[in-house]
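Coordinates in review
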Amino acid sequence: MRVTDDRYSRDRLRYDLAVRLIRHEARTQTIRQWTGLTDDRIRKLYRSYVRASDGACVRRHRGKSPRQVSFFARSRTLQQDTACLVAVFSMFGVLPAQRLSEAARTLPSVVRGELLCDAYETYRRIAHEPQISFEHAAFLAIALAAGNEIRLQSCRRCHGLGFGDPLTLRTPECLSCGEPLRPAPPPVRRTATHAAPAPMA
Ligand SMILES: [Zn+2]
């Protein structure tokens with residue numbers, strides 16, 4: 001009985017997260033990656049979600065998922081938006097304390113997916129004109145966790161967070177005060193006094 005209950009609550013969490021991801025217009029591939037549900041179950045869930053929400057318009061994105069970290073540095077506005085999102089990721093404990101190998105496979109989990117949604121929803125509320133889609137946010141979280149193409153940086157003067165590209169020698173500047181950014185300490189430890197400890201995936 002107990003096993004059945006546990007299994008039921010685990011499935012329930014998966015479905016709840018999947019509905020949240022559908023609302024954020026995540027691609028099927030992204031929903032599968034974070035919830036572990038099959039494409040077939042996701043499609044059924046999507047159909048019943050649309051029915052239950054009275055045909056509310058949820059766009060479904062086709063084509064490839066984001067792959068270019070250069071997107072986040074494309075304009076000053078996007079850089080500011082990304083710095084905001086990175087700070088919220090750090091606050092919610094979305095990012096692991098250590099860089100992950102195979103982050104696309106090892107970062108996603110239901111628990112982290114919930115944190116990612118919490119962080120993304122907060123970003124949408126606090127950003128002036130949010131420019132970053134959920135797909136790009138999920139891609140950013142994985143890219144930061146891997147740390148190969150983009151890394152978390154912090155400002156020693158104003159404690160702002162930003163990001164840098166480890167492949168170039170250029171030192172990124174803090175968007176708030178212009179100070180050169182430095183590699184940030186592990187994000188989970190930084191936020192320990194401000195938020196509940198991040199559950200480990
Ligand atoms: Zn600064």
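Below: a short report on this structure. Each residue is numbered by its place in its chain's sequence as written, counting from 1. Selection of residues for local features in this predicted model requires a pLDDT of at least 70, selection of side-chain atom pairs for listing and counting requires 80 or more, and totals for whole chains, interfaces and linings are taken over all residues. To obtain the side-chain values, all non-hydrogen atoms of the structure were included, while hydrogens and water were left out.

Four donors placed tetrahedrally around a metal ideally meet at 109.5 degrees, and six donors placed octahedrally ideally meet at 90 or 180 degrees. The zinc ion binds to the protein through Cys 155 (SG), Cys 158 (SG), Cys 174 (SG) and Cys 177 (SG); the donor distances cover 2.3 to 2.4 Å. Here the zinc ion is ringed by four donor atoms whose angles at the metal span 99 to 126 degrees, and the overall shape comes out tetrahedral. Water is absent from the atoms considered, so a metal site may look incomplete; donors are defined as N, O and S atoms within 2.8 Å of the metal, or 3.2 Å for Na, K and Ca. Considered as a linear motif, the donors of the zinc ion on their single chain read C-x2-C-x15-C-x2-C. Note that Cys 158 is positioned in the loop between β1 (151-154) and β2 (161-164) and Cys 174 in the loop between β2 and β3 (182-183), a separation of 16 residues in sequence. Buried residues are those whose accessible area, probed at 1.4 Å on protein chains only, stays under 20% of the maximum for their type, while exposed residues exceed 50% and partly exposed ones sit between those limits. Assessed through its relative accessible area of 34%, Cys 158 is described here as partly exposed. In this scheme the shape depends on donor count and angles: four donors with every angle between 85 and 135 degrees give tetrahedral, four or six donors with opposite pairs above 155 degrees and others between 65 and 115 give square planar or octahedral in turn, and any other case is irregular. To qualify as a helix, a DSSP run of H or I must reach at least 4 residues; to qualify as a strand, a run of E must reach at least 2; elements of each kind are numbered from the N terminus.

Any two strands are treated as partners once DSSP identifies two or more bridges connecting them. An order of β2-β1-β3 is seen for the three strands of this open sheet, with the pairing classed as antiparallel. Unpaired on one side and paired on the other, β2 and β3 mark the two borders of the sheet. For β1 and β3, the ladder comprises two bridges, and the chain directions are antiparallel. Bridge pairing in β3 links Ser 154 to Arg 182.

That is the geometry; function is a separate question.
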